[in-house]
Amino acid sequence: MRKIFPDAASALEGLTFDGMTVMSGGFGLCGIPEHLIAALRDSRVKDLTVISNNAGVDGFGLGQLLETRQIAKMISSYVGENKEFERQYLAGELQLEFNPQGTLAERIRAGGAGIPAFFTATGVGTLVAEGKEVRNFGGRDYVMETGLVADLAIVKAWKADGRGNLQFRKTARNFNPMMATAGKVTVVEVEHIVPTGTFDPDQIHTPGIYVDRIVLTVPEKRIEQRTVRARSSSEAVAKKDGETA
């Protein structure tokens, strides 16, 4: 089956519909499928439920879908970098299902593994456990969490071959591999496409059986929080001496 598509828009063609659930990979702005998110925005699909660790930033990543009001509900663990998200949530315009970060990761992994529910001690006795079954195992209470699946998973990888086998690079290997397994359809944007057979089997992070479509993109790689400090007087003197030399 032909998996490589010429651009993000064609990679999503025929897959989107109003009210669908989308998993979007990444952590902060690291490893997010920014081109597929932009194509999703341009498709004008609406009433989305989006499962993602966070909600991007204003004007970039999932923040674009918030600005166009295409997201109806977020299932996330951290949303603190997006003012538009805050505004919509406080105004009652956006639903939010908060999850402890590890629980969110395990819910996605469980969904991809075909596990409908599991028990965890995280959140017992807090708001996280409200309305959920709590059961005691070995003298300790555990809350039941359900696995997550999505109509569409959009994922960012470093390399892919023609069969869809994937490699992720460093921090981008966060929510992306597990989301690739938990989408009914998985579309991946990659930085490099290599010939099939290039990867040693032990180097494959996600097998191509989980991948339906691939698009080659050039990543923007923004920095979410740029932190700088003033140059110290000693550094300034050293720089000046170096320039003089």
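To be clear, the structure that these remarks concern was listed above.
What counts, and at which threshold
- Residues numbered from 1 in each chain as written.
- Predicted model: local features only at pLDDT ≥ 70, side-chain atom pairs only at ≥ 80, totals over all residues.
- Heavy atoms only, no water.
- Core = buried A, V, L, I, M, F, W, Y, C linked by side-chain atoms within 4.5 Å.
- Buried < 20%, exposed > 50% of the residue type's maximum accessible area, 1.4 Å probe, protein only.
- Helix = DSSP H or I, 4+ residues; strand = E, 2+ residues; numbered from the N terminus.
- Contact = heavy atoms within 4.5 Å.
- Salt bridge = Lys/Arg side-chain N within 4 Å of Asp/Glu carboxyl O.
- Pairing = 2+ DSSP bridges.
- Axes fitted to C-alpha atoms, helices over the stretch in contact; angles between N-to-C directions.

### What about the nonpolar core?
Counting 27 residues, the largest nonpolar core has L12, L36 and L48 as its most contacted members. Taken together, the elements giving at least two residues each to this core come down to α1 (8-12), α2 (34-43), β3 (48-51), α3 (63-67), β4 (71-76) and β9 (152-161). With 4 residues, the single largest contributor to this core is α2. Setting aside residues no more than four positions away along its own chain, L12 makes contact with L36, A39, L40, L152, I154, V187 and R213.

### A short note on the environment of E97
Relative to the helices and strands, E97 is located in strand β5 (residues 95-98). Taking the C-alpha atoms as reference points, E97 and S76, 21 residues apart in sequence, are found 6.5 Å from one another. Apart from residues lying up to four places away in sequence, E97 is in contact with K73, M74, I75, S76 and R107.

### Considerations on the pattern of salt bridges
Pairing between side chains becomes possible if they bear opposite charge and their charged atoms approach one another. Taken as a whole and assessed by the stated rule, the structure comprises 13 salt bridges. For R107, the salt bridge is made with E97, and the minimal N-O distance between the two is 2.8 Å. Here the residue R107 occupies a position in helix α5 (residues 101-113), and E97 occupies one in strand β5, the gap between them amounting to 10 residues. Classification of E97 by relative accessible area gives partly exposed; the value is 24%. Connected via shared salt-bridge partners are R69, E84, R87 and E93.

### Looking at the sheet that holds strand β7 (residues 134-137)
Taken in spatial order, the 3 strands line up as β6-β8-β7 in an open sheet, and their pairing is antiparallel. Bordering the open sheet on either side are β6 (117-120) and β7, each of which pairs with just one other strand. On average, adjacent strands in this sheet sit at an angle of 40 degrees to one another, irrespective of strand direction. The pairing of β7 with strand β8 (residues 140-146) spans 4 bridges and is antiparallel. Bridge pairing links R135 to Y142 in β8. The strands touched by α5 within the sheet are β6 and β8, with β6 carrying the most contacts at an inclination of about 155 degrees.

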